[in-house]
Structure formats: C-alpha cells, structure tokens
Amino acid sequence: MVGIKKVEYGKKQVLSTSDAIAYAVRFCEPKVTAVYPITPQTWIAEKITELINNGEMDSELILVESEHSSCSAILGAAATGVRTFSATSSQGLALMNEVLHVLSGMRLPSVFAIASRALSSPINIWADHSDMMNSRDTSWIQLFCESAQEAHDTIIQAYKISEKALLPVFVVVDGYTLSHVYEPVFIETKQKVKSFIGDYKPTHAYLNPKKPMTQGPIGYPSEYMDFKLEQQRAMNKALNVIKETNRKFKIKFGRSYGNGLIDERVRSKRVIIAMGSMCTTLRGLEKKYKKTKYEFSLIKIKSFRPFPKKELLRALSNATDIAVIDRAMSYGNAGPLFIEVSSALGEAGYRKRINNFIVGLGGREARIKDFEFIIKNIGRESYWINVNGGKNISFSAVI
Amino acid sequence: MGLPKEEFYVSGARNCAGCGFPTIIRIVTKAAGKNTIIVNATGCMEVVSTPYPQTAWKLPWVHAAFENAAAVASGVEAALKKLKKDANVIVFGGDGGTYDIGFQALSGMMERGHNVLYICYDNEAYENTGIQRSSSTPKFSWTTTTPIGKKIRGKRRWKKPITEIMAAHGSPFVATASPHLHMDLFNKVKKALSIKGPKFMKVLSPCVIGWKIPSNKTIEVEELAVESGVFPIYEIVNGKLTINYKPKKLRPVKEYLMMQGRFKHLNEKEIRSIQERVNKYWDYLLNLEKLDNAFFV
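Residues numbered from 1 in each chain as written. Chains lettered and ligands numbered in written order. Predicted model: local features only at pLDDT ≥ 70, side-chain atom pairs only at ≥ 80, totals over all residues.

S.K.: Tell me about the overall build of chain B, and name the residues and values.
M.R.: Secondary structure assignment for chain B yields eleven helices and eight strands. Its C-alpha atoms give chain B a radius of gyration of 18 Å, near enough to 19 Å, the size a compact globule of 297 residues would have. For chain B, the spread of C-alpha atoms along the principal axes amounts to about 60 × 50 × 40 Å. Contacts in chain B between residues far apart in sequence, at least 24 positions, make up 69% of those at least 6 positions apart. (Helix = DSSP H or I, 4+ residues; strand = E, 2+ residues; numbered from the N terminus. Rg over C-alpha atoms; globule rule 2.2 N^0.38 Å. Contact = placed C-beta atoms within 7 Å.)

Here it is in structure tokens:
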C-alpha cells in the first residue's frame, strides 16, 4: 500500500487488516520472508517489504518468481533452522500445494497469512474459502479470523503454535472483505510479542555442516505410513497447543478468541456454524433474534485444521437444528464444512436436523436478508443462497 | 594429481553399477569440503542415496521436490546470511529437474543472484522414471517416449543450450565438465566456490540403463563425448568464454554414437546431420572464445 502512516505500538488505532498482520509479523521477526504478488494478498507483502526496506524489520527478503518458489524458499530457510513468513491467496496457494505437503511432512514450522479468495475458473479475485479447502489435506493448521485484531493476534499466536506443534500454520482472513477493511486495532509492542513467542531454536531440523543431517529422504512402503501417523499425532496434539496458546495469550495480552479452536458465546437449540468474516454479521443477528422464535446461537470454527471435533460436539450436545454455512463447495457433494460437521455428528451417533447453505462464492454479497433466510431455515432444506438473480435454490433443485 | 582422501558420499549407496554421478558427487564434494550444504532435486540421486533410515551423505543435505531445488537453495542461502554462517550451498539436479521442470526456479535463483553453485548432472533423459525424453535428450536419441517408429525416429529436436542460457543470466561462472577429466571438474568447483553469486555447471553423467552401455564403459563414453566434440569442455567467467580442453583433432561422432544402444538405430544421414551440428557448434565456440565478452555480465 502506498503512503506511510506511522503506526503507534501499544496503542489502538485504525489500520487495515493487512497492516495489522504485517505489524504482528514484524515483531515475530522471521529471519526469512519470501513473497510473490497476488491480489488481494499484495497489501501484506507491500507493508512487509516497506518495513524491511526502511530497516524497521530485520528479515532477509526473497522476492521470488512464483508462489511455488516462495513456498520452496521458505522450506529451505526453515530446514536451515530459522523462523519464516510468507503470504498468498487463491491461485498462488493452489500453485504452492505440492510444496505445502512437503513442508509439513518435513515437520518444518512456518506461518503464512492468507487473504482467502476464490479459485478459477472463471477467474475471480474476491472473498471465498475455496483456496483454503483446496489446501485442506496439506497437514497445515488453518486458523480463520474475523477481525483485524484477531488477525494481528493470531499471527503472534501462530508462531508459538507452529514451533510447538512442529506444523506450519495458515492465518486466514477473507480477501478484501477482511484483508482490506480498516478497523480499530491494538498493535502490540515488540517487547511483549518477543517475550511471548521467544526465540526459535530447532533441535529436530537444521542444516549445519558441523552436525550433518539428511532432510527429506525417500520413505519406502515400510516407512512412509509411520511418518504419516506421526503427522496425525501432531495434529491431534496441536488441538491442545492451540487452546493453551490462546489461554496464555489472554493472560499476557488480555484478548482471546473462544477457546482458540471454536468460539461459542451462548447456547441455543438452534445453531449456525460458520467461519471467517461473516461471523461478525451473524453475531449481530444472534443478538437481534435473541428470545424470538428464531433464536439461534453462532458457533464460529476458528481452527478448521485440526478440526475441533470434541469441542464442537460438546457445544452441539443440546442442539436440535443446525445450519452450516460454507463459502466453498465440494462439487458433487456439499460444502466442505458441512461435510466435516456431519461426519463428526455421525461418528458420535448424534441425530440432529442439519442443513447446508452455500453463500458468497467469489465475493458475492451475503446480505442481511440472506442471513435472515438462513436463520429461518435452520435444520430444513439445504440451499445455494443469492444465485441466479437473487434467488435461493435448494440443493435438490440443482439438477 | 591427487584428490583429497576424505569422502562425503559413502560407499554402499544404491546406484546402478556404472552410474555416472557418484563420481561427480565425490569429486565435487572433495573440492567443496566439509563446510558445505547440499540441496538435491528429486531424481535418481535423491532416491538411491537416502532410503530412510539410511543416508549416503556425510554433509547436511535437503531434498524437497523435483522442480524447486534452486528455490530451496535460495531459502537456505538467505537463512545462512541471517544466521551469519558461511557455508557452500551446492545444488544437484538432473537434466529433467534443471532444463525442464526446474527451469523457472533456476532462472529465478540466477536472476536474484543467490550465492549458490547449481550443478546439473546431465544424463540426457528422465532416467529415474524409466528413460523418458527431456529437453536435454540429444536429437535422434531413443528414449521410451521417443521410440524409433516408422514415421518418427527418436527425438526430434536438438538439445537445449542450457549453459548459454545460464550465461545469458549474467552469471559470473558457468562451466561444463566431465568426470573423466577429474582435475578439471575439481578445479572448476573450487573456482566456482571462490566466486560470489549464482554459479552453474553442467556435468556429463552417463546412464548405463538409458544409454544402453556396459557398466564398465562409463568413463570411456565420457571421454569419447569430449574427444568427439559432442560435449565440449568450457567455462564462461564473467562473460569470457574459454575452451578448457581442445582435442588435437575431433574424433568422428560415429564412434561415440555407436558405443551406445540409444543411438544404434541411426542411419548414415542422421549420423551426418549430428556430425555437421557438432562441427558447427565447435566452430561457434571457437568464435566465442575470441571475444572478450561472449556474454554480457
């Protein structure tokens, strides 16, 4: 972003979410940063490069020729044993996909900020979770944010989580809808951030001629699967790491986001489950419909990976009707979050009325009246919302 | 002339008998020494040398994927800078990982000017996956994807001029080498590592399976490749090209070609066409050698 606005640390001020992310990254002090431009992530990369070029952030900057290479350069740096950062969106994240798997499989920590956006085709640069869902099985932790403050704070948490769990972390904000929104944000101080996350001193992965190590070997059928079991074990353990980090963050900074995994504030028999920036709108409506016939409670999924099955089931124990909102589609079936929730309920033997709403693909406006339609139809038919000229079309009518 | 005794690539690795690249690795790492980090692209080398939980490498070594070794090396070098550690960063990639799928990452690394020595061990095909054509495969060569058919006989295009392309990036050091001229290879690695910036070397690496040669003929094939002018040995230092090895008289390419099963189908017309190309390329190099700056750095 052009134009330097002096930020004040340890103070609340109005900033874009992208800047709020960059200022969090600054004090986490990644030694290597590699970025490639892609809309709408560019504001993050621009602010970071501005900080580095002004000498305000001490990081080796690699301006790569593709996202495949940014992820690969990060992998190389992380394998050497340093803290790293990158940011991307959409096609860029899709292009990285191969390396995402390799990086997490090598158990290298890193933090990437994602301004989440639709995938082609048709080409579209607006908010959508398709890029994240396309990265679902990469063994990266995925933390979805709904405000500039949450994004700022989650970056700080993410370094701690990543280096403890030895899994890389995506910090996700909805493209434009959140990445380009200006909000009051409390920007933390260097001293507080540094003392919270500490230094990164890897004992499991480094490239040091004094102590040679082979990283990224070939795993035969006799070995490969056991590596993969360890990854699942790490993901399972990460659930507690995330919760614990969120708890400690609250003690130090006075802010927290649910239990770090999910955020539920009230309980009602009727529930809406969602992720990302639309949670803020839904929370407003949660208040509006309180003690009416359409009363509902919102469950925000913050950690999509690892998926907080246990916490979600506990939150749903008294629910009778559930609606899951997806900002992505698994073509040939339903929304990915809906599939996750249904699977968790099925596995636990819960019988609830549950339906799915596909909302806001490719930045399509999710209007208050759309959410009101959803609120009135929790646990009934599943719908594509605001399509074909403002209509809601039920799944069964999509033939 | 002696090479240092210390080995960094141990015996017992799972290479084919007669494989060209263990010799390359041994000479290169002897020249580079202990203070070296190896980045390896996916390929035969990575597969045979690191079957978990074993490793043939006595140096820090990292492999990520096929096309990204140059980008991984960029990250390694950047991290070393920030750690204030000085170590040689050497990439090994096959011709598939260098000429083709890794070409973009390599170009990016060269353009950004990372202090890395990229070594392509060139066996002129995707040997690891079962001898498929790469853009380094010589014209008319048999591979499993360029079979000798009734209509099309072998590969249709000449080999991509990778060293010239790298030199055109403004690299301060680009060179070719063959392991049979082991001191030339050794000294070139030493020289490359003494220069800061992105360096590139192409080293001939016969594949006994893909080239269809007996496993005791590897060094002989290398020698004939050089003596016939098929694989000229030169270096380009800051744009100035020097041919490091000039045979008194080039041997006929036919001798080189007929040693190898991958060329056994060639007819006289095809052999003539290769001979003409080799002569022309040799003259081209002699002309470049006369210039102070064959490439603009």
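There is more to say, and it comes next.
S.K.: Pulling in residues and values, what's your account of helix α2 (residues 42–53) of chain A?
M.R.: Residue and element names in this part refer to chain A. Look at α2: 16 Å from first C-alpha to last across twelve residues, which is about the 16 Å you get at 1.5 Å a residue. Of all the residues in α2, the buried ones are W43, I44, A45, K47, I48 and L51. Looking one or two residues past α2, G55 carries a phi angle of roughly 75°, positive in sign. (Expected span 1.5 Å × (residues − 1). Buried ≥ 20, exposed ≤ 12 C-beta atoms within 10 Å, placed from the backbone.)

S.K.: Which residues make up the environment of A:A127, and what values do they have?
M.R.: Residues and elements named next belong to chain A. Position of A127 relative to the elements: it lies in the loop between β5 (111–116) and α5 (130–133). Along the backbone, A127 and V173 are 46 residues apart, and their C-alpha atoms lie at a distance of 9.0 Å. With sequence-adjacent residues up to four places away left out, A127 is seen in contact with S116, R117, D174, G175, Y176, T177, G360 and G363.

S.K.: Got a sec to walk through the packing of helix α6 (residues 148–165) of chain A against helix α8 (residues 224–253) of chain A? Specific residues and values, please.
M.R.: Residues and elements named next belong to chain A. One can describe the packing of α6 onto α8 by two numbers: an axis separation of 9 Å at closest approach and a directional angle of 135°. As far as their axial angle goes, α8 and α6 are oblique. Of the two possible hands of crossing, α6 and α8 adopt the one that is right-handed. Counted together, D153, Q157, K160, I161, K164 and A165 of α6 and A234, K237, A238, V241, I242, T245, N246, F249 and F253 of α8 form the full contact between these two elements. (Axes fitted to C-alpha atoms, helices over the stretch in contact; angles between N-to-C directions. Parallel < 35°, antiparallel > 145°, perpendicular 65-115°, else oblique. Left-handed = near helix turned anticlockwise from the far one by under 90°.)

S.K.: For the nonpolar core, give the residues involved together with the corresponding values.
M.R.: Considering soluble globular proteins, one finds that nonpolar side chains tend to be buried as a cluster. In terms of nonpolar packing, the biggest core is built from 202 residues, with A:I155, A:V171, A:I272, A:I273, B:V76 and B:I119 touching the most fellow members. Among the elements that make up this core, the one with the highest residue count is helix α3 (residues 69–83) of chain B (nine residues). Counting residues domain by domain, this core receives three or more from each of domain 1 (11–253) and domain 2 (262–397) of chain A. What B:I119 contacts, discounting residues up to four positions off in sequence, is B:V28, B:I90, B:V91, B:F92, B:M201 and B:V203. (Core = buried A, V, L, I, M, F, W, Y, C linked by C-beta atoms within 7 Å. Domains from an automatic or database assignment.)

S.K.: How would you sum up unusual backbone geometry? Please name residues and give values.
M.R.: Residue and element names in this part refer to chain A. With an omega dihedral of -5°, the bond running from T39 to P40 counts as a cis peptide bond. Considering the arrangement of structural elements, one finds P40 in the loop between β2 (32–35) and α2. Residues R305 and P306 are joined by a peptide bond in cis, for which omega reads -5°. Mapped onto the elements, P306 comes out in the loop between β13 (303–305) and α10 (309–315).

S.K.: How would you summarise the domain arrangement of chain A if you had to cite specific residues and measurements?
M.R.: All names here are of chain A. You can read the domains of chain A as domain 1 (11–253) and domain 2 (262–397). On the side of domain 2, 20 residues touch domain 1, which itself brings 25 residues to the contact. Going through the elements one at a time, α5, β6 (141–144) and α8 are the ones with two or more residues in the side of domain 1 that touches domain 2. For the side of domain 1 that touches domain 2, the element with the highest residue contribution is α8, accounting for five residues.

S.K.: Describe the interface of chain B and chain A, listing the residues and the values that go with them.
M.R.: Contacts between the two partners involve 39 residues from chain B, matched on the other side by 36 residues from chain A. Of all the secondary-structure elements, those providing two or more residues to the side of chain B that touches chain A are β1 (36–40), α2 (44–49), β2 (61–63), α3 and α5 (103–112) of chain B. The leading source of residues in the side of chain B that touches chain A is α3(B), at twelve residues. For the side of chain B that touches chain A, a count of residues per class yields 22 nonpolar, eleven polar and six charged. Pairing geometry for strand β9 (residues 214–215) of chain A and β2(B), over two bridges, is parallel. (Nonpolar A, V, L, I, M, F, W, Y, C, P; charged D, E, K, R; others polar. Pairing = 2+ DSSP bridges.)

S.K.: Describe the pairing of strand β3 (residues 60–63) of chain A, listing the residues and the values that go with them.
M.R.: Residues and elements named next belong to chain A. Along β3, the buried face is formed by E60 and I62; none of L61 and L63, which line the opposite face, is buried. In terms of strand pairing, β2 meets β3 through four bridges, oriented parallel. Each bridged residue has a counterpart across the sheet, and for T33 the counterpart in β3 is L61. As a crossover connection, the stretch from β2 through α2 into β3 is right-handed. (Right-handed = clockwise from strand over helix to strand, strands pointing away.)

S.K.: Which residues make up the packing of helix α3 (residues 67–80) of chain A against helix α4 (residues 90–105) of chain A, and what are the values?
M.R.: Residues and elements named next belong to chain A. Packing of α3 against α4 leaves a shortest axis separation of 7 Å and a crossing angle of 25°. As summarised for this structure, α3 and α4 are arranged roughly parallel, according to the angle between their axes. Crossing angle aside, the handedness with which α3 passes α4 is right-handed. Of the residues in α4, those in contact with E67, H68, C71, S72, L75 and A78 of α3 are G92, L95, M96, V99, L100, V102 and L103. Across the contact of α3 with α4, the residue classes break down as nine nonpolar, three polar and one charged.

S.K.: A description of helix α12 (residues 368–376) of chain A should follow, citing residues and the corresponding values.
M.R.: All names here are of chain A. Turning to α12, its buried residues number three or more, namely D370, F371, I374 and I375. Burial along α12 is one-sided: seen end-on, the buried residues are contained in an arc of 140°. Facing away from the buried surface of α12 by more than 90 degrees, the exposed residues are K369 and K376. Buried positions along α12 lie against β11 (270–274), α9 (278–288), β14 (321–326), β15 (353–358) and β16 (383–387). (Arc of directions from axis to C-beta.)

S.K.: Any chance you could break down the sheet that holds strand β4 (residues 84–88) of chain A for me, citing the residues and the numbers?
M.R.: Residue and element names in this part refer to chain A. Within the open sheet, the seven strands sit side by side as β3-β2-β4-β5-β7-β6-β13. Their pairing is mixed. Strand pairing shows two members of the sheet lacking a second neighbour, β3 and β13, which therefore form its edges. Neighbouring strand axes in the sheet, compared pairwise and without regard to direction, differ in orientation by 20° on average. Pairing between β6 and strand β7 (residues 169–174): four bridges, direction parallel. Residue pairing across strands places Q142 opposite F170, the latter belonging to β7. Together, β2, β3, β4 and β5 form the strand contacts of α2, whose direction differs from that of β2 by roughly 140°.

S.K.: So what's going on with the sheet that holds β1(B)? Residues and values would help.
M.R.: With mixed pairing, nine strands are arranged side by side in an open sheet as β9(A)-β2(B)-β1(B)-β3(B)-β4(B)-β6(B)-β5(B)-β7(B)-β8(B). On the outer flanks of this sheet lie β9 of chain A together with β8 (240–245) of chain B, each paired with one strand and no other. Alignment of strand β5 (residues 173–177) of chain B against strand β6 (residues 199–204) of chain B, held across five bridges, turns out to be parallel. The residue bridging B:T176 from the neighbouring strand is B:K202, located in β6(B). Helix-sheet contacts for α3(B) involve β1, β2, β3 (88–94) and β4 (117–122) of chain B, and the interaxial angle to β3(B) is about 170°. Across the sheet, helix α7 (residues 182–194) of chain B is in contact with β3, β4, β5, β6, β7 (233–237) and β8 of chain B; its angle to β5(B) comes to roughly 165°.

S.K.: With reference to specific residues and values, describe the pairing of β5(B).
M.R.: Counting buried residues along β5(B), five of its five residues qualify, which places the element largely inside the surrounding structure. What you see with β5(B) is no split at all: B:F173, B:A175 and B:A177 on one side and B:V174 and B:T176 on the other are buried throughout.

S.K.: Lay out the environment of B:F295 with the relevant residues and their values.
M.R.: All names here are of chain B. By secondary structure assignment, the location of F295 is in the segment after α11 (268–290). Using a count of 20 C-beta atoms within 10 Å as the deciding quantity, one classes F295 as buried. Sequence separation between F295 and I236 is 59 residues, and the spatial gap between their C-alpha atoms is 8.1 Å. Ignoring any residue separated from it by four or fewer positions in sequence, one finds F295 in contact with A167, A168, I236 and G239.

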